[in-house]
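# Inside the fold
Listed here are the chains, written in short residue letters.
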Amino acid sequence: MKDTFSNMHPFINFIFFALTIGFTMFIMNPVCLAVSFSCALVTALYLNGKKAVRLSLVFLLPMILLIVLINPVFNHEGMTILTYFPWDNPLTLESIVYGIASAFLLSSTVLWFSSFNAVITSDKVVFLFGRIMPSLSLVISMAVSYTHLRAHETSAHLV
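For the structure given in this document, a descriptive report is provided here. It should be emphasised that the depicted structure is a prediction, and the values quoted were computed from it without experimental measurement. (Residues numbered from 1 in each chain as written. Predicted model: local features only at pLDDT ≥ 70, side-chain atom pairs only at ≥ 80, totals over all residues. Heavy atoms only, no water.)

## Brief notes about helix H2 (residues 30–48)
Compared with an ideal rise of 1.5 Å per residue, which puts 19 residues at 27 Å, H2 spans 26 Å between its outermost C-alpha atoms and is within 8% of the ideal. All of the buried residues in H2 are Leu-33, Ser-36, Phe-37, Ala-40, Ala-44 and Leu-47. All buried residues of H2 project into a common sector of 110° when viewed along the axis, lining one side. Residues of H2 that are exposed and point over 90 degrees away from its buried face: Val-31, Val-42 and Tyr-46. On its buried face, H2 is in contact with helix H1 (10–26), helix H3 (50–74) and helix H4 (93–119). In this structure Asn-29 caps H2, since a side-chain oxygen of it lies 3.0 Å from the backbone nitrogen of Val-31. Of the residues flanking the end of H2, it is Gly-49, one or two places downstream, whose phi is positive at about 95°. (Helix = DSSP H or I, 4+ residues; strand = E, 2+ residues; numbered from the N terminus. Expected span 1.5 Å × (residues − 1). Buried < 20%, exposed > 50% of the residue type's maximum accessible area, 1.4 Å probe, protein only. Arc of directions from axis to C-beta. Contact = heavy atoms within 4.5 Å. Polar contact = N/O pair within 3.5 Å; in protein donor to acceptor, adjacent residues only side chain to side chain.)

## Here's the deal with the packing of aromatic side chains
With the rule as written, the count across this model stands at seven aromatic pairs. By the ring-pair criterion, three or more aromatic residues cluster together here, those being Phe-16, Phe-17, Trp-112, Phe-113 and Phe-116. (Phe/Tyr/Trp six-rings, centres within 6.5 Å; stacked < 30°, edge-to-face > 60°.)

## Notes on the nonpolar core
Counting 17 residues, the largest nonpolar core has Phe-17, Leu-111, Trp-112, Val-119 and Ile-120 as the members making the most contacts within it. Apart from residues no more than four positions distant in its own chain, Phe-17 is found in contact with Phe-5, Gly-22, Trp-112, Ser-115, Phe-116 and Val-119. (Core = buried A, V, L, I, M, F, W, Y, C linked by side-chain atoms within 4.5 Å.)

## What to know about the pairing of strand S1 (residues 81–84)
Across three bridges, the pairing between S1 and strand S2 (residues 90–92) is antiparallel. Across the sheet, residue Thr-83 finds its bridge partner in S2, namely Leu-91. The turn linking S1 back onto S2 is made up of five residues, and Asp-88 within it adopts a positive phi angle of 70°. (Pairing = 2+ DSSP bridges.)

## Examining the packing of H2 against H4
The contact between H2 and H4 brings their axes to 8 Å, and the two run at 30°. As far as their axial angle goes, H4 and H2 are roughly parallel. Once H2 is placed against H4, the crossing between them reads as left-handed. Within the contact between the two elements, H2 uses Leu-33, Ser-36, Phe-37, Cys-39, Ala-40, Leu-41, Thr-43, Ala-44, Leu-47 and Asn-48 and H4 uses Ala-101, Phe-104, Leu-105, Ser-107, Ser-108, Leu-111, Trp-112, Ser-114, Ser-115, Ala-118 and Val-119. For the contact of H2 with H4, the class distribution of residues is 14 nonpolar, seven polar and no charged. (Axes fitted to C-alpha atoms, helices over the stretch in contact; angles between N-to-C directions. Parallel < 35°, antiparallel > 145°, perpendicular 65-115°, else oblique. Left-handed = near helix turned anticlockwise from the far one by under 90°. Nonpolar A, V, L, I, M, F, W, Y, C, P; charged D, E, K, R; others polar.)

## Topic: the environment of Met-63
Here Met-63 shows up in helix H3. Take Met-63: its relative accessible area is 23%, and that puts it in the partly exposed class. Separated by 40 residues in the primary sequence, Met-63 and Ala-103 place their C-alpha atoms 7.5 Å from one another. Look past the residues within four positions of Met-63 in its chain and what remains in contact with it is Leu-106 and Ser-107.

## Looking at helix H5 (residues 122–129)
Taken residue by residue, H5 has Lys-124, Val-125, Leu-128 and Phe-129 as its buried positions. When H5 is viewed along its axis, its buried side chains cluster within an angular range of 110° and face the same direction. Exposed side chains of H5 directed beyond 90 degrees from the buried face belong to Asp-123 and Phe-127.

## Examining the side chain of Ser-108
One can find Ser-108 in helix H4. Separated by 2.7 Å, the side chain of Ser-108 and the backbone oxygen of Phe-104 make a polar contact. In contact with Ser-108, other than residues within four places in its own chain, are Thr-24, Leu-33, Ser-36, Phe-37 and Ala-40.

## Remarks on the packing of H3 against H4
Packing of H3 against H4 leaves a shortest axis separation of 8 Å and a crossing angle of 155°. Overall, the two elements H3 and H4 adopt an arrangement that is roughly antiparallel. At the point where H3 passes H4, the crossing takes the right-handed sense. Along the contact surface, H3 presents Ser-56, Leu-60, Met-63, Ile-64, Ile-67, Val-68, Asn-71 and Pro-72, while H4 presents Ser-95, Ile-96, Tyr-98, Gly-99, Ile-100, Ser-102, Ala-103, Leu-106, Ser-107, Val-110 and Leu-111. In terms of residue class, the contact of H3 with H4 is made up of 13 nonpolar, six polar and no charged.

Function cannot be read off these values alone, since they describe shape.
Put into structure tokens, the structure is as follows:
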């Protein structure tokens, strides 16, 4: 591992990512989401490198745009009506802001999980959950190994 954080006890790593991802997923404050997104981006850059983050952003940016555009079509809650769609549903400022916040929430979560994947290896998963749930820890370990394998295959195709 190239960073000190990965050399810490697996329980510390797991608690950090569980709390960080949990707060990112359940706090819809735009300032907290912006901080979480920027920290997730910096962490992913540090742990995964520019090439892997660029690949993630290639998939995340269209997803962000899609969420921002589709949310106001289905969500009509809000007090500030900007205009009306041709089918007489209002386009509200709050629905646009909520779409932006949802897009950053999802993007931050994906970036945090990519960092989680770099730090929490399959042997750390077995160490953490082996005594409590041996068969489940084996399945999770295999899934983590598979995602590492797929990530390396994808980055090899880009070169």
